[in-house]
Amino acid sequence: MPKRNSEYWQERYRILQENLLAKGDAYQERVERLYGSALEEAQKEIESFYQRFADNNGISIAEANKILNSKERKAFEMTLEEYTEKGIKNALSQEWIKELEDASDIYHISRLEKLKLQMRQHFEVLASQKQTEMEEIFEQIYQESYYLSIFELQKGLGTGHAFEILDTRRIEKVLARSYDDSGLNFSESIWKDRDALVRFLDREFTRLVVSGTTPRELIANLKKRFQTSKNSARRLVRTEVAALAAMGRKDSFDELGIAEFQNFERLDSSTCEICQDMDGSHFPQKEFEVGVTAAPFHPNCRGYQVPYFHDEFTEDEKRSAKDENGKAYFVPADMTYHEWYKKYVESNPAMKLVERKTQNKSADRKQYEEYKNVLGKDLNISFDKFQDIKYTDDEQWNYIKGLKSYMTKFPQSNKHYYNIQQELKKQKIHVGIPLPPKRLQAFLSSEAANGSTHVLNRMLERGITDDEVREYMMQAKCMFQQWGGKRFAFYGEKGVTVISEEETGWLFKTVWNRSDFDESTLKILEVIQKHVK
């Protein structure tokens, strides 16, 4: 294996950097489409509003603040339902979904408030799409930079060692850092920009009713503000892609024991003085800091890093620098990246999980938000843990899916009653669907037509009073739904009572006290006591 000089590493890493930056540039086209679509929808809302309610003098305060009539209110409620459903499916912020739900409870809402809410929906969708898609592209950039750098190093040196497979926690930690002077990470920057758009909306709508802004003026102002937001998004993409490419190289150098790194810049008429001065500079690897000792040094910076080796460097020196006890393997010079990746990365079981989580992250994120919306505090786990369970723990995943199905049907319940159901099922005890007890008004009647003579007979046989029958229901820790909700059995420490729905209302059907508990009833109460305190 011939010794690799500085020019070799410079050329290999220049190509890697250009390919990574090209991926970021390709995503810029997607940013353009996202903003174009959001602007188009917002413009339609504005034009429709003016067409319906404006005259030659614009919008009056009275017209803008008119309360929706019943027909408009009904149409608006359908719009809110659509927005809320879309918000849950597309993982919009929980705060915004809550605002939509709150708006549906407000009966008196003005035309202006309706338009502001519709406009806000487009801003929320735009921010959510940027969040989801940028996270995906940034993860890809970091991972590709890391693995491609390790590949180039091992290929150039002709030898390789075991290295750490990136997991989702490590990736998320890198993405959570700030790589510009704002001190914000990419996600915080997105939501800060969303907040700025909302403030713009509030200002413009105030001007609309105070000074009678024309639709042309409002749309022109909106386009101008969108252009500012879009420019910020484009700058954010360029900054993050360059920084994460650098972080991937940094972590690969750390992983393989590289002692020093060297900066290189694309030198042409547009190269700034900072980059001119940093070109060719080299530092100890422990001093690698993006924006300080390592490119990118500013937005749109095109610099990159390569491993720096002294002239006396040999292959053996690199090997001992990594791990003198580590297992080495031969990496032929004609080996392609895809061949190397398949052999040394894909074959690793940990990598299979990481890839599955990464590939399905967008869909899993939506599913996670949907489950959180249904389960609330009963799903007290992070998104990362949610994915781990989904792909590695069939038993726990089946439990969560079952709980979600149960809570969808019975939103008034919680996981404690679902756990009762699961444990009774294991014991092959079938008594109905366990639910938190609700206090229903039920009656005792001696009329045979109502089917209540049975309960009266049982009360006489067992010496149970009217008050005790009602007490068993009031003090029950769990009720079991039977007959599709037409019948409920209330279980408590002192007794059990059953009611059913008749034409005249809820009637007590049967009752028994603790002295009459059989083995099955005692087992049911034991399970209830275990899960409901």
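Conventions adopted
- Residues numbered from 1 in each chain as written.
- Predicted model: local features only at pLDDT ≥ 70, side-chain atom pairs only at ≥ 80, totals over all residues.
- Heavy atoms only, no water.
- pLDDT = per-residue confidence, 0-100.
- Contact = heavy atoms within 4.5 Å.
- Pairing = 2+ DSSP bridges.
- Helix = DSSP H or I, 4+ residues; strand = E, 2+ residues; numbered from the N terminus.
- Axes fitted to C-alpha atoms, helices over the stretch in contact; angles between N-to-C directions.
- Buried < 20%, exposed > 50% of the residue type's maximum accessible area, 1.4 Å probe, protein only.
- Parallel < 35°, antiparallel > 145°, perpendicular 65-115°, else oblique.
- Nonpolar A, V, L, I, M, F, W, Y, C, P; charged D, E, K, R; others polar.

*Asks:* Before we move on, can you summarise the confidence of the model for the chain with the specific residues and values?
*Replies:* On average, residues of the chain carry a pLDDT of 83, and 85% of them reach 70 or more. Counting contacts from residues 312–326, a segment whose pLDDT is below 50, to residues more than four positions away or on other chains yields 22 contacts.

*Asks:* Any chance you could break down the sheet that holds strand 9 (residues 487–491) for me, citing the residues and the numbers?
*Replies:* The strand order 6-8-9-10-11-7 describes an open sheet built from six strands, whose pairing is mixed. Strand pairing shows two members of the sheet lacking a second neighbour, strand 6 (433–435) and strand 7 (442–443), which therefore form its edges. Against the sheet, helix 19 (residues 519–531) makes contact with strand 8 (478–482), strand 9, strand 10 (495–502) and strand 11 (505–513), and its axis sits at roughly 75° relative to strand 9, the strand it touches most.

*Asks:* Mind laying out the pairing of strand 9, listing which residues take part and the relevant values?
*Replies:* Extensive coverage of strand 9 is indicated by the burial of four of its five residues. In textbook terms, the turn of a hairpin is the stretch between consecutive antiparallel strands, and for strand 8 and strand 9 this stretch comprises four residues, one of which, Trp-483, has a positive phi near 55°. Sheet topology note: the strand 9/strand 10 ladder contains five bridges and is antiparallel. Residue Arg-487 lies in a different strand from strand 10, and its bridge partner there is Ser-500.

*Asks:* I'd like a rundown of the packing of helix 11 (residues 337–346) against helix 12 (residues 349–359), residues and numbers included.
*Replies:* Following both chains from N to C, one finds helix 11 and helix 12 inclined at 110°, their axes separated by 8 Å at the closest point. As judged from the angle between their axes, helix 11 and helix 12 are roughly perpendicular. On helix 12, the residues touching Tyr-341, Val-345 and Glu-346 of helix 11 are Met-351, Lys-352 and Glu-355. Looking at the contact of helix 11 with helix 12, its residues break down into three nonpolar, no polar and three charged.

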